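# Structure assessment
Residues per chain, in single letters:
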There are 4 protein chains.
Amino acid sequence: MTDPALHQISRVCIIIHVVRIAVAGASGYAGGELLRLLLTHPDVEIGTLTAGGNAGTALGEHQPHLLPLADRVLAESTAENLAGHDVVFLALPHGRSAELAAQLGEDTLVIDCGADHRLSDAAAWDRWYGGEHAGHWPYGLPELPGARDALRGASRVAVPGCYPTAISLALFPALVAGLVEPDVVITAVTGTSGAGKALKPHLLGAEVMGSLSAYGVGGAHRHTPEIVQNLSGAYGRTVSVSFTPVLAPLPRGILASCSAPLTASGADAAAAREAYEKAYADEPFVRLLPEGSWPATSSTLGSNVAALQVTVDPDARRLIVVAAIDNLTKGTAGGAIQCMNLALGLPETSGLPTTGVAP
Amino acid sequence: MTDPALHQISRVCIIIHVVRIAVAGASGYAGGELLRLLLTHPDVEIGTLTAGGNAGTALGEHQPHLLPLADRVLAESTAENLAGHDVVFLALPHGRSAELAAQLGEDTLVIDCGADHRLSDAAAWDRWYGGEHAGHWPYGLPELPGARDALRGASRVAVPGCYPTAISLALFPALVAGLVEPDVVITAVTGTSGAGKALKPHLLGAEVMGSLSAYGVGGAHRHTPEIVQNLSGAYGRTVSVSFTPVLAPLPRGILASCSAPLTASGADAAAAREAYEKAYADEPFVRLLPEGSWPATSSTLGSNVAALQVTVDPDARRLIVVAAIDNLTKGTAGGAIQCMNLALGLPETSGLPTTGVAP
Amino acid sequence: MTDPALHQISRVCIIIHVVRIAVAGASGYAGGELLRLLLTHPDVEIGTLTAGGNAGTALGEHQPHLLPLADRVLAESTAENLAGHDVVFLALPHGRSAELAAQLGEDTLVIDCGADHRLSDAAAWDRWYGGEHAGHWPYGLPELPGARDALRGASRVAVPGCYPTAISLALFPALVAGLVEPDVVITAVTGTSGAGKALKPHLLGAEVMGSLSAYGVGGAHRHTPEIVQNLSGAYGRTVSVSFTPVLAPLPRGILASCSAPLTASGADAAAAREAYEKAYADEPFVRLLPEGSWPATSSTLGSNVAALQVTVDPDARRLIVVAAIDNLTKGTAGGAIQCMNLALGLPETSGLPTTGVAP
Amino acid sequence: MTDPALHQISRVCIIIHVVRIAVAGASGYAGGELLRLLLTHPDVEIGTLTAGGNAGTALGEHQPHLLPLADRVLAESTAENLAGHDVVFLALPHGRSAELAAQLGEDTLVIDCGADHRLSDAAAWDRWYGGEHAGHWPYGLPELPGARDALRGASRVAVPGCYPTAISLALFPALVAGLVEPDVVITAVTGTSGAGKALKPHLLGAEVMGSLSAYGVGGAHRHTPEIVQNLSGAYGRTVSVSFTPVLAPLPRGILASCSAPLTASGADAAAAREAYEKAYADEPFVRLLPEGSWPATSSTLGSNVAALQVTVDPDARRLIVVAAIDNLTKGTAGGAIQCMNLALGLPETSGLPTTGVAP
C-alpha cells in the first residue's frame, strides 16, 4: 500500500547497556509515577520494588494502572533488598533516606525524592524538619544555574520538592536578569496527590472535591526554605519569599502564581519575555508559552514540561510569572529521571514525555 | 410523646408586607442563585422573571434545581415587563443595566448585579469597560467602612464583583488599622460559575476538570479597578493592587490569597487578629476562623458567609489574609439580597443562610 | 418605597412547642447534614451532640460549614448524654443503635440512620450483616405504599439506606401497576460521601477524582436485601434484584438507572408516565420531570427531592426509570427529618428544602 | 559507575519505513488524542493536520498539551490537503467522511473515527442517523471474533464508537460461550470528552462538575444499533440490548456495567471467569483483573487497555461484567492506531501504552 521509495529509514541504532533500577516506596504516588515513566525508558530494567507497610503485597493492588508490573511483589525497604542495582530511587517519607543511602555504595546512584538532602544549611534543616541534618546532595533541578554540571556523573541526587521546582523555574530568570527586587510573593495551587497517600480526613474525596483551601500559610510550609535556597543561590544574595500553598480539587498539577516588584531600572513585558527566552532557550523541558497564552496544568499532565508565561503589570509595577507543572512528573518522578539521565550520561530527555494527556 | 410543660413557645409573630420581586436574567447563574435564596426569604413574592435569548421558555429548562418555579415562563427583559415590582434585580451582561434602570422609577429598588454602576471614576470605566459611564450607585458591600449607611433606604444598588467582595473583606481591616503598606498582592482562585454560562471552549467540563489555569494576568482583569477603588476608599489614599485570577475545577467558590508588607511599626499575628476581630465583631456574614484554621470554600457553599483567617509571616515581613466565599452567594446573589434587606429596612440577615452545604 | 395597599400579610402565626433534638454521630457526614437541615427547621432546638472518637472536640473542627454550631463541644455517644431530648437521631456505624435505643424510653423518638433496624427478616440480617438481629422498626420511606401511616406517631424509625431510597422510589410504581416483571436490574452511581468519612485509600481525593469504579458487584452490596424487601413488599411477591453500585467523582448525589422487562400486556411510555404521575401526585418530595427531561443529581443537591423520569424502550421491551437524589439529604438526613415530622405530627415538609443548590 | 559486564544489550534494530500520517479534525478531542499517541509511535511521521472552523490557526491554540506540534498550522479538511499520505485519520462529525474518503485512493489507508461506516445495515443507518448510508468498512475492534483478520491489509477502517468498544468487549465472550441469554442490560457512565468539544450549555464545567445525569435513555442513543450489531454478529443471532448512558464529572473514561440472565445450563463465577480468560488470553489490550478487583477508569487513563471483571449474581441469576476504558484511547484514537498497525502489518501494539496515568 505504501511506496517504499518515498520513505526514509526511521531508526538509528545505538547499542547501550541496560541500567538496573530499584524503587523504594513503590506503592506511593511518587513511586508509581517513577515506574510509569521507567516502563517507557529505553535503557532501564526495573528490578526490586520495595514498600513499608505494603511489603508482601502485589504492586497491582496499589498501582492498578501499571499493568505490566501488576504481579510484582513488594519487598521490604531494606538496604539489602535495594543493593545490587545501578540506580536506587528513594520515594520515602523524610528522615528515612540517610540511613538507607549510607548502606548503598558510591557505585550505586541513589536518587532521593524525599526532603532529607535538599537543604544545604543544617540550621534550616533543624528549624523546618528537626533532627539531625543528613547533609546536602547535588540538587536535582538541572535548569537552575550551575546545577546541571553538578549532576553529571553524580552518585547521589536530591530531587527538589514539587513547589520549589515550579517556583524556582518561574522566578530565577527575573532575579538573575535584575528585573525584580529580591522580594517575591507566591501563591501556588496544587492537586491533592502532592500530599501523598496519607489517610487524613481533609484529603478524602468528599472533602476536596468542590473545595479550595489554604494551608501552611504565613511561611509555615516546609518547601519555603528550599525556595529561599534556590532563589538566593541563583541571585547571589538572600531573596525574601512569601509562599502560600492552596489545595484544589484535582489529582495532579501545580499552578504557581509568582510576582515581585520591578527594579528601579524597570522592565516592560517585552524585556521580561526576552530574559525568559534567553534563560530557557536550550532547555528541553521548560516552555515559555506564546505571548497571550497562560499556563494550564492540564497541558502538562503526565509530562515533564514546565509551562511558563511572564508579563509586567505596569500599574502595580510588578513582574508576574505563572508556571504550570505536573507535581508528580516534572515536580517529582520526571525530574528524578532527568537527573538519572544526567548522572549516567544518558540523553537527558530519555524516557521523559513532553506531551501532556489532555483533556 | 413530648411534654408540653418542658417546651417554650417557638415563634414570635410579626406582620409585614410582601415585597414583590422581579429578576432580569433569570436563566443565568446569578439569576438562579437569586431565585434560590428568594424562595426562602420570608418577606418576598417572586414576580416576573425575564431573560434574553431564553425568553419564552420555561425556567425549569435552565434551572432544574428550582422546582417550585419550574413552570414559570421567562419574559423578555424589557422595562415594561419589569415594571410594577417593588424590587428589580438585574443579572445581565454589563452595559445593559443603565437603560433599563432609567425606565424604572425611583420608587422601584433596582439592584444591579452587573458592573455598570460599580466604578465611581468615569475614566476608569472607560479604560476597563469602554463606552459611556452609566454613573455610580451606592456600592453593595455593607461591611466596607461607610457603605452600610449609604445602602439604607437606597433605591439603586450596585452589587460588587465576586473577586472584589472577597478581596476587599480580606484586606481593608489591615489597611485601615495601619498594619500594612498600601501595596497588596492577591492571587484568587475561582470556580467556573464565575464566568457565567457563556459557551466558550475553555469553560467546557472536559477542559476545566483536572486543570488549573491563570487568566487576566498582569492587572488585566476588570475587577482590578474595583478592588483599587474599595481599598483606596477605605484606606484614604491610593492602594497599589496586583491581582492574579486562577480558574480551578469546581463549580462555585473563591479562595483569595492576599498579602501586603507590614508597616515599619510592624505587627505580630496577635495584633493582626485583633484588628480583624474588631473590624468584624458585629458583622453577621464575616467569620474570622479560630486560630490555626484556614478557610475552605466548601464550608461557604451556598451560604452568605465570608470566612477569613489572618496571620503574619515574620520572615517575609508580610501580613497574609485568606478569604473564602461562594462567588454566587456572598459574591453575587446573597450580597444583593443583603443590600435589598438594608434598602427596604428588613432585617439584614433575612433569607440569607449562614451554613454551607458540605461535604 | 413600596405601597402597603398592594401587599398582603405574609405570615400566619402558629404557636407550637419546641422539639429538643440530640444527634449521635454529629461529626460524620450524616450527622452534619442532619444539623444543617435542623438549623432551619422552625420547630426544633438542637441539644446535645455526641461523637465517638471525636468526643471532646468542637464541632467546628469537623463541620466547618455549620457556623452557628461551631463552638459546640461533642459529648460521648452514651445513652446518658442522649437522654432528656424529644428526638434522638442516631448516625452511627451499624451494630451500635440497638443497645443505645434500648436505654432511651419509648417517650423518646429514636430515628436510626444506620442499618440495624431496616431489615424485617432476621435471616437476611444474619446473612448480610451478621450478629444478632436488633429487630425491625417502622421503615422511614413515607412514599412506599403503607409506610406513611406506620410512621405517624411512631417512637422508633429506621431510616432507609441511600440506594434503597432512590431505587425503591424509581421502581415500585411500575411493579404495583403491573407494568413490569418482578425482575429488575439497577446500576446506581454515587458520590463519595455515601461511603462516610472512613479513612480508606480508595476514598482519597487523588484516587476518586478522575475515576469511575464499580464495587460490591454481583449482589454483594448490603443494600441489596433492603431493595428486595421494599420492592417485594410493594409488589406482593418476591422481586428479583440485580444491583451494581458505581463510585463517581462528586461529593454528593445518587443517579439510579433502573429497568425491568415489560409485562406481556405491555405498556407504552405514556402509560408508564401515567402510572408514575398517579403514584406521586400528592408527594411533596418526588418530582416526575417533564417529558424529555432526565434527572441530574445537581438539581437535587442539598434538597429533599427525588427527581424521576420514566420511559419505555420498545426495542428491548423494557421500562427504564432514572432517579436522582442527594444521598445525604433525601437519601439520609432529609428522609430522617421527614420521618420525624410525620412521627411528631408536624407538617411533613417542615425544614426540608425542595430547591437544590446549583450549579 | 555501572559495570558493563553485568548488562545486556538493550535494543534490537529493525529498519522500517516511515509511515506518513494526516489527521483531519486535529483540533478536536479525538484528533488530539491521535496526535498524542502518534508522537510516540516509532514508525510514523506526522504530516498534514486539518480542521474545520479552526483552519488557519496554530494547533497549539487548541491542543496546548501537544508541545512538539504547537506551531503546526491547521489546513482546511479537504481531500487535496489530505492526499499524499500513507494514512489519513478522519476525526470528523458523522456524515463528513464518505465524500472525503471517496477522493482518497485505495492506496491510502483511511481510518474513520466517525460513525459513517460502522453500521452494515442501511436501514439501521437511516433510522439512527438519517441520510444516505455510506456503506460498511472493516470494523476496527480487532478483539471481536473474526474482526482482526478483516483488518489486516485493509485500506479502509471504521473505528468503533467508544461505548460499543467497552460494551462489546464486556459481553461477547459470555454470549459466545453460551453463558447468558441474548438479552443484555447496560448502564455505562462516561466522562464528558465523549461528547466532544461541542459548545452546549450542559457540557459547561459548572454544569457537569458535581452532577450525574442520564441522557439518550430508552434505546435512544446512536451507539445502540452498533452494540446490537457487534453482539448479534458474535452470537450468531439477534441480541436484545437495553443501553442507558450516564454523564459523570470527569474528563475521560467509560465504566460499563453490563449484565444478562444466565442460561438454563447456568454458570458459576469460576466458569464465567474461565470463559473470559480464554477469550482474552492472547489479547494485548484486554486485561481480566485478578479475582476480587473491579475496574476503575483511572487505571486506564491514556492507555489502550480495557480492564474487565466478571462475576455471577446467584440470587438474581445474572452474569455481571464491568469494563473500564479511556473513551479517547482504546475507545477512539488508540483503537484507531491499533487498526492502523494491523492494516499496515506493523506490530499491533506499536505506539500504544498499556500503562495508565494515575492518580
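Residues numbered from 1 in each chain as written. Chains lettered and ligands numbered in written order. Predicted model: local features only at pLDDT ≥ 70, side-chain atom pairs only at ≥ 80, totals over all residues. Heavy atoms only, no water.

When you go through chain A residue by residue, the secondary structure sums to 11 helices and 13 strands. The C-alpha radius of gyration of chain A comes to 21 Å, within 12% of the 21 Å expected for a compact globule of 359 residues. Viewed in the frame of its principal axes, chain A has a C-alpha envelope of about 65 × 60 × 45 Å. Every one of the 359 residues in chain A was classed for burial, and the buried ones make up 64%. Partitioning the contacts of chain A with sequence separation of at least 6, the portion at a separation of at least 24 is 70%. Looking at chain A as shown, the accessible area adds up to about 11700 Å², and 51% of this sits on carbon and sulfur atoms. (Helix = DSSP H or I, 4+ residues; strand = E, 2+ residues; numbered from the N terminus. Rg over C-alpha atoms; globule rule 2.2 N^0.38 Å. Buried < 20%, exposed > 50% of the residue type's maximum accessible area, 1.4 Å probe, protein only. Contact = heavy atoms within 4.5 Å. Areas by Shrake-Rupley, 256 points an atom, 1.4 Å probe, with all protein chains shown as cover.)

All right, on to the domain arrangement of chain A then. Put simply, an interface is often sized by how much accessible area is lost when its parts join up. Residue and element names in this part refer to chain A. Entries for chain A in the domain assignment read domain 1 (19-159 + 332-344) and domain 2 (162-325). Taking only C-alpha atoms, the centre of domain 1 and the centre of domain 2 are 24 Å apart. With 24 residues of domain 1 at the contact, the number on the domain 2 side is 27 residues. Both faces combined, the contact of domain 1 with domain 2 buries some 2100 Å², and carbon together with sulfur accounts for 54% of it. A per-residue breakdown of the area domain 1 buries against domain 2 is headed by Tyr29, Trp128 and Glu143, which together make up 32% of the total. Our enumeration of links across domain 1 and domain 2 arrives at 3 salt bridges. A salt bridge links Glu283 to Arg148; its shortest N-O distance comes to 2.6 Å. (Domains from an automatic or database assignment. Buried area = accessible area lost by both parts, 1.4 Å probe. Salt bridge = Lys/Arg side-chain N within 4 Å of Asp/Glu carboxyl O.)

Turning next to the UniProt feature "domain: Semialdehyde dehydrogenase NAD-binding" (unreviewed entry) in chain A. The UniProt entry lists residues 20-152 of chain A under the feature "domain: Semialdehyde dehydrogenase NAD-binding" (unreviewed entry), expressed in the numbering used here. A distance of 18 Å separates the end C-alpha atoms of residues 20-152 of chain A, which is 27% helix and 17% strand. (UniProt positions renumbered as here; feature names shortened; annotations may be inferred.)

Before going further, it helps to examine the sheet that holds strand S4 (residues 87-90) of chain D. All names here are of chain D. Ordered in space as S3-S2-S1-S4-S5-S6, the 6 strands form an open sheet in which the pairing is parallel. Each edge of the sheet is formed by a strand with only one pairing partner; in this case those strands are strand S3 (75-76) and strand S6 (156-158). Relative to S3, strand S2 (residues 44-51) runs parallel, the two being bridged by 2 bridges. Across the sheet, Ala51 pairs through a bridge with Glu76, a residue of S3. Together, strand S1 (19-24), S2 and S4 form the strand contacts of helix H1 (residues 29-38), whose direction differs from that of S1 by roughly 160 degrees. (Pairing = 2+ DSSP bridges. Axes fitted to C-alpha atoms, helices over the stretch in contact; angles between N-to-C directions.)

Moving on, we come to the relation of the copies chain A and chain B. If you rotate chain A by 180 degrees and push it 0.0 Å along the axis, it lands on chain B with an RMSD of 0.0 Å. Taken together, these values place the two copies in the relation of a two-fold axis. Comparing interface residues between copies, 100% of those in chain A also sit at the interface in chain B, which points to an isologous, same-surface contact. (Least-squares fit on C-alpha atoms with pLDDT ≥ 70 in both.)

A few words on the packing of helix H1 (residues 29-38) of chain A against helix H11 (residues 329-344) of chain A. All names here are of chain A. At their nearest, the axes of H1 and H11 sit 9 Å apart, and the two run at 50 degrees to each other. Here H1 lies oblique to H11, going by the angle between them. As for the relative orientation of H1 and H11, their crossing is right-handed in sense. For the pair formed by H1 and H11, the contact residues are Ala30, Glu33, Leu34, Arg36, Leu37 and Leu38 on the first element and Thr329, Thr332, Ala333, Gly334, Ala336, Ile337 and Met340 on the second. Across the contact of H1 with H11, the residue classes tally to 8 nonpolar, 3 polar and 2 charged. (Parallel < 35°, antiparallel > 145°, perpendicular 65-115°, else oblique. Left-handed = near helix turned anticlockwise from the far one by under 90°. Nonpolar A, V, L, I, M, F, W, Y, C, P; charged D, E, K, R; others polar.)

Residue and element names in this part refer to chain C. Relative to the assigned elements, Thr224 resides in helix H9 (residues 224-235). Reaching out from Thr224, the side chain makes a polar contact with the backbone oxygen of His221 at a distance of 2.7 Å. Thr224 has contacts with Trp128, Gly219, Val241 and Phe243, leaving out every residue within four places of it along the chain. (Polar contact = N/O pair within 3.5 Å; in protein donor to acceptor, adjacent residues only side chain to side chain.)

Turning next to the interface of chain A and chain B. Taken together, the contacts link 43 residues of chain A with 43 residues of chain B. Here chain A meets chain B over a buried area of about 3300 Å², counting both sides, of which 61% is carbon and sulfur. In this assembly, chain A and chain B are joined by 2 salt bridges. Between A:Arg127 and B:Asp315 there is a salt bridge whose closest N-O contact spans 2.6 Å. Between chain A and chain B we count 12 residue pairs in polar contact (both at pLDDT 80 or more) in total. Of all the secondary structure elements, the ones that give two or more residues to the side of chain A that touches chain B are helix H5 (122-128), strand S7 (183-190), helix H8 (205-208), strand S8 (213-214), strand S9 (240-247), strand S10 (254-261), strand S12 (306-313) and strand S13 (318-325) of chain A.

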